[in-house]
Structure formats: structure tokens, C-alpha cells
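These are the residues of each chain, in order.
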Amino acid sequence: MTILAKLLASPIIASGLIGGEPESINVGDFLAISNLDIYIEDGIATLCGHAGTQTDSQAAESLALKIDGVKEVRNYTSFS
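Below or above, wherever it landed, is the structure these notes cover. Quick caveat: nothing in here was measured; it's all calculated off a predicted structure.

1. Considerations on the overall build of the protein chain
If you tally the helices and strands in the protein chain, you get 3 helices and 4 strands. Each helix and strand of the protein chain, ordered N terminal to C terminal, gives the series β-α-α-β-β-α-β. Relative to its 80 residues, the protein chain shows a buried fraction of 36%. Surface summary for the protein chain: the accessible area is close to 4500 Å², and the carbon and sulfur share equals 55%.

2. What about the nonpolar core?
Phe30, Ile38, Ile40, Leu47 and Ile67 are the most contacted members of the largest nonpolar core, which totals 16 residues. Residue assignment for this core shows that the elements contributing at least two residues are α2 (27–32), β2 (37–41), β3 (44–52) and α3 (54–65).

3. With respect to the pattern of salt bridges
Evaluation of the coordinates by the stated rule reveals 1 salt bridge. Ionic pairing is found between glutamate 72 and arginine 74, a salt bridge with its closest N-O pair at 3.2 Å.

4. With respect to the pairing of β3
Where β2 lies against β3, 5 bridges are found, and the strand directions are antiparallel. Bridge assignment links tyrosine 39 to a residue of β3, and that residue is threonine 46. The antiparallel hairpin formed by β2 and β3 contains 2 residues in its connecting segment, where aspartate 42 sits at a positive phi of about 55°. Looking at chain direction, β3 and strand β4 (residues 72–79) are connected through 8 bridges and run parallel. In the sheet register, histidine 50 faces β4, and the bridge partner there is serine 78. Considered for its hand, the β-α-β crossover made up of β3, α3 and β4 is right-handed.

5. Concerning the side chain of threonine 77
By the secondary structure assignment, threonine 77 is in strand β4. When its relative accessible area of 11% is taken as the criterion, threonine 77 is described as buried. A polar contact is formed between the side chain of threonine 77 and the side chain of asparagine 75, at a distance of 2.6 Å. Among residues more than four places away in sequence, those in contact with threonine 77 are Leu36, Leu47, Cys48, Gly49, Ala51 and Ser57.

6. Quick look at the side chain of serine 57
Here serine 57 is to be found in helix α3. A polar contact is formed between the side chain of serine 57 and the side chain of threonine 77, at a distance of 2.5 Å. For serine 57, the contacting residues outside a window of four places in its chain are Ala51, Asn75, Thr77 and Phe79.

The rules behind these values
Residues numbered from 1 in each chain as written. Predicted model: local features only at pLDDT ≥ 70, side-chain atom pairs only at ≥ 80, totals over all residues. Heavy atoms only, no water. Helix = DSSP H or I, 4+ residues; strand = E, 2+ residues; numbered from the N terminus. Buried < 20%, exposed > 50% of the residue type's maximum accessible area, 1.4 Å probe, protein only. Areas by Shrake-Rupley, 256 points an atom, 1.4 Å probe, with all protein chains shown as cover. Core = buried A, V, L, I, M, F, W, Y, C linked by side-chain atoms within 4.5 Å. Salt bridge = Lys/Arg side-chain N within 4 Å of Asp/Glu carboxyl O. Pairing = 2+ DSSP bridges. Right-handed = clockwise from strand over helix to strand, strands pointing away. Polar contact = N/O pair within 3.5 Å; in protein donor to acceptor, adjacent residues only side chain to side chain. Contact = heavy atoms within 4.5 Å.

Listed below in C-alpha cells is the structure:
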């Protein structure tokens, strides 16, 4: 099943959650703390959009890996 959603908040907020509890998150949590598009199919999350900075892009990728059921992340975000 494919999930497509427009994410709403800043990836900078997401960077504060990396390394913190809980070990895994759900898609709704990810949606609340990022402003990227995420497509999830067969355990593969694909990130698209503008992340702002390379650090934000990497933070979004790390956070996506914490989504329950995600085994791989393909990060196609751009940054300035």
C-alpha cells in the first residue's frame, strides 16, 4: 500500500527528536514534524521536497527510518 502525505512542520524540529525516545515512531508523528513529501511502499520510504539544509535532510532520513515498518529510506530531498 502506498501512503502519500504532505508534511507540515519544519525538519529542524525533527532534528531535536533524533536520538530520543521512542525507538520507533508512526507516520503521523513524522508528518507532524517535517515539511517533506513521504511515500511509503513495501517498507521503503521515499522522501522528496526541499529540506532546507543538508543537516535537515539527514535528520528527516534518520527520522523516517524510525517509522514502524520502514526498512529503507530513499532520500531525494534538496537543500541549499
